[in-house]
Every structure is written in C-alpha cells, then in structure tokens.
Amino acid sequence: MAETVAVRPGPEGSREPGGSAYFAYEERPRVLEGLRAYGLIVGMWVRSTMAYRASFVMTTFGNLAATAFDFLTIVLMFTHVDALGGYTLPEVALLYGVSATAFGLCDLLLGSMERLGRRVRDGTLDTLLVRPVPVLAQVAADRFALRRIGRILQGLAVLVYALATLDIAWTPLKVAMLPVMVISGAAVFGAVFVAGAAFQFVAQDASQVQSAFTYGGATLLQYPPTIFAKDLVRGVTFVVPLAFVSWLPTLYVLDRDYPLDLPQWVAFLAPVVAVAVGALAGLAWRAALRTYRSTGS
Amino acid sequence: MLDTSVGAAGEGTGVGHDGFITLDGVEKVFQVRRKAGLLRRERHEVRAVDGISFQVARGEMVGYIGPNGAGKSTTIKMLTGILTPSGGRLRVAGIDPSRERTRLAHRIGVVFGQRTTLWWDLPLRDSYRLMHRMYRIPDRRYQENLDRCVELLDLGELLDVPVRQLSLGQRMRGDIAAALLHDPEVLYLDEPTIGLDVISKAKVRQFLKELNAERGTTVLLTTHDLTDIEQLCRRVMVIDHGRLMYDGSLAGLHEVGESERMLVVDLERELPAISLESEGAGPLARVVKVEGPRQWLAFPASASAAPLVARIAAEYPLMDLSVREPDIEAVIARMYEAAAP
Ligand SMILES: Nc1ncnc2c1ncn2[C@@H]1O[C@H](COP(=O)(O)OP(=O)(O)OP(=O)(O)O)[C@@H](O)[C@H]1O
Ligand SMILES: [Mg+2]
C-alpha cells in the first residue's frame, strides 16, 4: 500500500481502500488555531444561551446589580469622608473603573477555567485531549457565560462617570493609555487565571488560591495605593505585577505620584509586563498539562 | 507470553511490514501515594502497562481484552496521546501520540464507553456541528458521514436531545457517530458495548463491521463481552498485569487455553462410565459426568470427534449424541486465573 502518512489529496481527495485521510492535515500556527477553536466553542455556547433570551437578560442584569454593590460601598464611604488616602471620589472611580473593566473582560473570556480542577480530578479532561485543538482554548471556552458581561458593563459605567467628572489635562499619551491599561490589565489577570489553572493540575484547592489573587487583586486595585502598607504595594507591583494593570497607568493619567519610588516611564511598561507574565503563564500551563495522568476509570 | 503468532492474525495485510500502530516495549508506571498511618504517606508504583509490544496493520480489527485493571484503558490513552508512556516506543500512523497529540487527533477517533466526548449540555446536533468546524471537515463529507451514522445508528430522533438526557445506549451511539465524522483512519473503542441492550449491541457491531469492511478503518476494541470479539475480530490480544499474554486468532486461544469440547452421549441404558483406551496414546476422552444413561465426555478441542464417536458406537449401545463447543469465556477465565500471581 502506498505511503499515506503525508497524503494531501485535493479538497475532496479520493480515498484508497485501507483508509487514507480524506482531507489533509495542515500545520497551522497553534495560537491562531487556539483562537479559532475558542471562537467556535464560544459561538456555540452563546447561541445556546440565546435560545433562552429572557433568562439571559435576567442573569446578566443580576450580575450587573451584584457587582454594582461594590461601587456603592465606595460611594457610601465618601458620604463620611472627603478623600480616601488623598484621593477624591472621581479619582477612586477611575481606579475602580479600570480595574473592574479589566477584570470583567478577563472573567468573561477565561472565567470558565475555574472548573478545570474538577475535570482533572474526574478525568474528563481526557475528552478534550483527543480533539485536534489546543486544550487551553477548550477549557477557557467551556460553558462560556455571556452573562458575565454584566461586570464589564458596570466597570465601564463607573469609568465613564469618572472620565466625565474628572478634570484631566489630556495629552495624546494619556488618551492612548486608557485602552492600553484596560487591555494589558485584562491580560495580566488572564495570566493569573492561566497560572491558577496550571496549578490546579497539582493542587486540589488551587482555584481558591487563584481567586484570592484575581478577585482579591481586582478589589485591591479599586482603591488608591496610598491606603495600603508599602510592603503590600511592593508585592503587588513586583511579585504578581497586578499594579501594572491599573495603579501605575491610572496614576500617570491622574498626574499622581506612585507610593514606591519608581520613574514615571514605568507606567508605559504595562503592555510589556502583560506579554511577559502571559508567556510565563503559558509555560506553566504546558508544564502542568504534561503532568496530567488521567484517572483509573 | 504464551504465543504471539498463532492463527490468522492480520491475514494478508502483512503484519510486521506495515505496522500502522506499533508498540515496542511500551510501559506506563503510575506513582501513587497511599495513606499509611495518620500523616505518613507511602509512595509506590503501579506498573499499569509493563513492556507491551505489538503491531497492528492498516485495516485490521483487533480485540484487546483482559481482566479489570489489566492495563487496557491505559494502553488506549497512550495510543491517543492522553498519557505519555514511561518507557518504550509508540507510533500511530508514524506519529508519536504524546508529542504530536493534536496532529494525531485528526486521524483517530476515540470512543470511551465510560464517558462521553460530546458536550453534555448541548443537543447532539450542536455537538456534531461543532466537530464539523473543529476538525475542518469538508461540508459534503460531513453531511455524508452524518447521514450514514444517523441512518445506521438510528440517531434520527435523538439529534435534538441534549446529551445529558440521552440513555446510556443512545449516548454511546451518539458518541460512536461523533468519533467517525472526520473519517478517522483508526478507531479506538474502550468498552463500546458496556450497558447496551441486545438490539443496540447488534446494531453497533454491525455498524463497526461495515465500517471496517467498507472504509478499511483500523479498529482497536476493548471489551468484557466476548461476543463482541467473536463477531468482530479475527485477531485478539489478551493482556494481564500490563503484559501481553496472547496475540493471535480467537480460535488459537482454545489451543493455548487447552480447552476441551464436550461430547454428550445417550446410551440405551444406564452403564458404568465409558472407558476408551487408544493404543499407547492414553484415553481418547475422559468422562466428566454420568447421569443415568447420559454421559458427558471431554476431549481436546483440537482433536476430531469422529474417531471418538466411531469407537463409542462400536463398543456401546449408542442412541443419540451431541457435541458442545468450548466456551470461550471459560477459556479466558482460565487464562486470567493462570496469570494471576
Ligand atoms: N491515573 C491513574 N493513576 C493511578 N493508577 C492508575 C491510573 N490509571 C490506571 N491506573 C492503574 O493502572 C492499572 C490499569 O488500569 P486500566 O484502567 O488501564 O485497566 P483496564 O484494563 O482498562 O481495566 P478495566 O477492565 O477495569 O477497565 C490499574 O491497576 C489502575 O489502578
Ligand atoms: Mg478500562
């Protein structure tokens, strides 16, 4: 029989008896393949959610309302004080809006990864491993919940409020900084999600630890850095560079001094840091996936 | 290992030249921790697959059997790339599964009887649609394959039912279809008939048979139902404790298992146990049971019944007789027992 390992028949290639491939496999960049698969799976979940439109609207609204309480707490605080750590309400609102939107984006796109631990323990990850697309994309897109968009809407609303009330001396750099910090922020949170997922391969309760970093981090960043102890700020900046998400760039936009002694251009490192931690998380993920050992039944 | 070359293993397909699936001393060792005392934990090794070598040619249909915990599922997981072998060499269609898992995925289909590869909350139809896009199956092929599966596996009425609402047998048929939409060259089935009723089993077997005959799909099948093997596979491999115990034809198992056929004779009246001495070669058969005029005689499965019957007819008042074929289950059971440590 002819060598069939690398057969590339036409689009509807003819088939020899003995079973060569009908259609050829083409090497494609993994990242693109992953994104494509992610899109396919997400699309399917969205379609199936939309079949129950009323319930979707309800849960999205519920989601929005629940997260809105976060900001209401801050507003209530300001009815007693004029400033928090030297920051006015609109300034805190900017911090809050950036952090909440970034986290919301990441939660919308990758929130499903929290369930990975269960898949590892009960062995259902097996079924994702036999499909021809990257596992990370499948895990991230699994049961994509569009209702998580509520968090983003709420974050954006606060952001808009902040921008409307603040009196900022806008420069082109400051304007550019806005989308950059939201997107790199989401990317840093995303890296924490992926690293957390990688950790779930080895530790049973890793998702709790991950939540501490993500939810905890997002909450932390909603307040001005000046109200926290220096050591905490240092840790958030250098160990898990969440500060690059919002504190540093937002403070640049607000013309405020960062509590740590850092030059101002550091604020522009946000995208670089995002890419770097993203790459690290990707490596952790690959290493973790190799340790997967399925289950006995 | 008892035997590796008995019978019709891959007749005419040239086993050995064209190893489509090739295993060479493949091992899988699991490190497990066990509680030993209050806090102390003991590490120890489970050798799930312990040096297995075999080849499967393109287009073969092979049964892979063995007792619980023998290492069947572990082997299949290595063949799909889910698990990385701890040792040895493994190739499927020239691909190292664990290193190029996604590349291999386009060429294999997998059915786990124990769990579904479908999306639990979605109707079958949506799962299939997603596969269509995910595997980049040309539209026409997809439609042809889907239609064929729907017809032969009787899926028509199930397409719009969410997978979690399907019964075990319905889900299994849905899973088999899902594994075949992208025209895989190899199909691995890990207990595909588990929990199926008689009709579903027959349907699935017929489907697999046709798939193998018409498309030349290579099939590797694990099962605890030996009828599956009898009806589908000319070649069977038996493993136990992670080692290959037998590789050959199903018929060959009888020889290896020293199985016996049973001759049941009805005599005119009650008589003492039949005793037949052949010249110098010991008894032709041994009497296992006497019940009134009826006697049961066991003789080697490989021997012919004719001389035995002739002798009895000549020396005893014979009324009636019947021959019972050996029970393959019993043969396998003896084999599993013999292998136990
Ligand atoms: N993920 C795992 N971790 C630890 N041990 C495992 C794991 N998977 C399998 N084993 C062990 O390896 C051995 C072989 O298991 P395997 O699932 O391959 O058996 P099997 O032949 O499929 O059995 P069955 O007929 O019961 O399905 C068993 O002793 C099992 O306990
Ligand atoms: Mg098994």
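Here is what the cut-offs are and how they apply
Residues numbered from 1 in each chain as written. Chains lettered and ligands numbered in written order. Predicted model: local features only at pLDDT ≥ 70, side-chain atom pairs only at ≥ 80, totals over all residues. Heavy atoms only, no water. Helix = DSSP H or I, 4+ residues; strand = E, 2+ residues; numbered from the N terminus. Areas by Shrake-Rupley, 256 points an atom, 1.4 Å probe, with all protein chains shown as cover. Lys, Arg positive; Asp, Glu negative; His and termini not counted. Charge placed at Lys NZ, Arg CZ, Asp CG, Glu CD. Salt bridge = Lys/Arg side-chain N within 4 Å of Asp/Glu carboxyl O. Buried < 20%, exposed > 50% of the residue type's maximum accessible area, 1.4 Å probe, protein only. Pairing = 2+ DSSP bridges. Right-handed = clockwise from strand over helix to strand, strands pointing away. Axes fitted to C-alpha atoms, helices over the stretch in contact; angles between N-to-C directions. pLDDT = per-residue confidence, 0-100. Contact = heavy atoms within 4.5 Å. Near = heavy atom within 4 Å. Polar contact = N/O pair within 3.5 Å; in protein donor to acceptor, adjacent residues only side chain to side chain. 1 Å grid on protein atoms, 1.4 Å probe; cavity = no way out; pocket = protein on both sides within 12 Å on 5 of 7 lines; lining within 4 Å. Sits in = over half its atoms within 2 Å of the grid points. Nonpolar A, V, L, I, M, F, W, Y, C, P; charged D, E, K, R; others polar. Points joined across faces, edges and corners; volume = space filled by probe spheres on them. Patch = residues over 30% accessible without salt bridge, like charges linked within 9 Å, V, L, I, M, F, W, Y side chains within 5 Å. Expected span 1.5 Å × (residues − 1). Arc of directions from axis to C-beta.

> I would appreciate a short explanation of the overall build of chain B in the present structure.
Looking only at helices and strands, one finds 10 helices and 16 strands in chain B. If you sum the accessible surface of chain B, you get close to 15,200 Å²; carbon and sulfur atoms cover 48% of it. Each charge class in chain B can be summarised by its mean position, and for the 44 positive and 48 negative side chains these summaries are 9 Å apart.

> Is there a simple way to think about the pattern of salt bridges in this case?
Where charged atoms of side chains with opposite charge meet at close range, the side chains can pair. Across all of its chains, the model carries 36 salt bridges over all chains by this definition. D121 of chain B is the salt-bridge partner of R143 of chain A, the closest N and O atoms lying 3.3 Å from each other. Of this pair, R143 of chain A sits in the loop between α6 (135–141) and α7 (149–165) while D121 of chain B sits in the loop between β6 (108–112) and α3 (124–134), placing the two residues on different chains. On the basis of relative accessibility, which here comes to 35%, the residue R143 of chain A falls in the partly exposed class. According to the relative accessible area criterion, D121 of chain B is partly exposed, its value standing at 23%. Here D126 of chain B and R129 of chain B are joined by a salt bridge, their closest N and O atoms 3.5 Å apart. Remark: R129 of chain B and D126 of chain B occur in helix α3; sequence separation between them is 3 residues, near one turn of the helix. The exposure class assigned to R129 of chain B is partly exposed, which follows from its relative accessible area of 45%.

> Honestly, the pairing of strand β7 (residues 186–190) of chain B in this entry has me stumped. Any pointers?
Look at any regular strand and the pattern is simple: side chains alternate between the two faces of the sheet. Residues and elements named next belong to chain B. Counting buried positions along β7 yields 5 of 5 residues, so the element is predominantly enclosed. Taking every second residue as pointing to the same face, both faces of β7 are buried, with V186, Y188 and D190 on one and L187 and L189 on the other. The pairing of β6 with β7 spans 5 bridges and is classified as parallel. The partner of G109 across the bridge, within β7, is L187. Summarising the sheet, β7 and strand β8 (residues 218–222) pair through 5 bridges and their orientation is parallel. Residue L187 lies in a different strand from β8, and its bridge partner there is V219. One crossover worth recording links β7 to the parallel β8 by way of helix α6 (residues 198–215), and it is right-handed.

> Explanation requested: the sheet that holds strand β16 (residues 318–324) of chain B in the structure shown.
Each strand in a sheet pairs with another by means of backbone hydrogen bonds, the pair being arranged parallel or else antiparallel. Residues and elements named next belong to chain B. One open sheet accounts for 4 strands, arranged β14-β15-β11-β16; its pairing is antiparallel. Either end of the sheet is taken by a strand with one partner, and the two such strands are β14 (286–291) and β16. Averaged over all pairs of adjacent strands, the angle between their axes in this sheet comes to 20°, without regard to strand direction.

> Sorry if this is basic, but what is going on with the confidence of the model for chain B here?
Residue and element names in this part refer to chain B. In the predicted model, chain B carries a mean pLDDT of 86, and the fraction of residues at 70 or more is 91%. Segment residues 1–17 is flagged for pLDDT under 50; beyond a separation of four residues in sequence, or across chains, it makes 31 contacts in the model. Interface scoring of the predicted complex returns ipTM 0.80; its pTM is 0.82.

> Just to check I follow, could you spell out the environment of L308 of chain B for this structure?
Residues and elements named next belong to chain B. Structurally, the position occupied by L308 is in helix α9 (residues 306–315). Take L308: its relative accessible area is 3%, and that puts it in the buried class. Here the alpha-carbon distance between L308 and E325, two residues 17 residues apart in the chain, equals 15 Å. Not counting the four nearest positions on each side in its chain, L308 is found in contact with L263, L276, L284, A285 and F299.

> I would appreciate a short explanation of the site of ligand 1 in the present structure.
Residues in close proximity to ligand 1 total 18 residues, the closest being G69, K72, S73, T74 and H224 of chain B. Residues close to ligand 1 are split across chains A and B. Here an oxygen atom of ligand 1 sits 2.7 Å away from a polar atom, N or O, in the side chain of S73 of chain B. T74 of chain B is positioned such that a nitrogen or oxygen atom in its side chain is 2.5 Å from an oxygen atom of ligand 1. Within the complex, 79% of the 630 Å² of free accessible area of ligand 1 lies under protein. Cavity membership is defined here by more than half of the atoms lying within 2 Å of grid points; on that basis ligand 1 lies in the second largest pocket. Secondary-structure elements contributing two or more residues to the shell around ligand 1 are β2 (19–35), β3 (41–57) and α1 (72–80) of chain B. Here the element with the most residues in the shell around ligand 1 is α1 of chain B; it accounts for 3 residues. Here the shell around ligand 1 is composed, by residue class, of 6 nonpolar, 9 polar and 3 charged.

> Would you explain the layout of surface pockets in this entry?
Space left empty within the atom packing is revealed by a probe, the size of a water molecule, rolled over the atoms. Its boundaries defined by the atoms lining it, the largest pocket holds a volume of some 1,700 Å³. Along its surface, the largest pocket is lined by 49 residues, and R30, P134, L136, A137 and W285 of chain A are the ones closest to its centre. Secondary structure elements with two or more residues in the lining of the largest pocket: α1 (30–50), α3 (89–110), α6, α8 (172–199) and α12 (270–290) of chain A together with α2 (101–105) of chain B. The greatest single-element share of the lining of the largest pocket, amounting to 10 residues, is contributed by α12 of chain A. Split by residue class, the lining of the largest pocket holds 29 nonpolar, 9 polar and 11 charged. Roughly 1,300 Å³ of volume is contained in the second largest pocket.

> Would you mind going over the side chain of T22 of chain B with me for this structure?
All names here are of chain B. Summarising the element assignment, T22 is placed in strand β2. T22 sits in the buried class, given a relative accessible area of 17%. In terms of polar contacts, T22 uses its side chain to reach the backbone carbonyl oxygen of G19, at 3.1 Å. Leave out the neighbours within four places in its chain, and T22 touches F54, Q55, R89, L90 and R91.

> Help me understand a nonpolar patch on the surface in this model?
A contiguous nonpolar surface patch, about 370 Å² in accessible area, is contributed by F199, V202, V209 and F213 of chain A. The class for V209 of chain A is partly exposed, based on a relative accessible area of 40%.

> Help me understand α6 of chain B in this model?
An α-helical turn contains 3.6 residues, so any two residues separated by three or four positions project in the same direction. Residues and elements named next belong to chain B. An ideal rise of 1.5 Å per residue puts 26 Å on 18 residues; α6 measures up with 25 Å between its terminal C-alpha atoms. Where α6 is concerned, the buried positions are S200, K201, V204, R205, F207, L208, L211, N212 and R215. Along the axis of α6, the buried positions cluster into a sector of 160°, meaning they face one direction only. Exposed residues on α6 whose side chains face more than 90 degrees from its buried face are V198, I199, A213 and E214. Buried residues in α6 make contact with β4 (61–65), α4 (139–152), α5 (168–180), β7, β8 and α7 (226–232). Positive phi appears at G216, one or two residues downstream of α6, with a value of about 70°.

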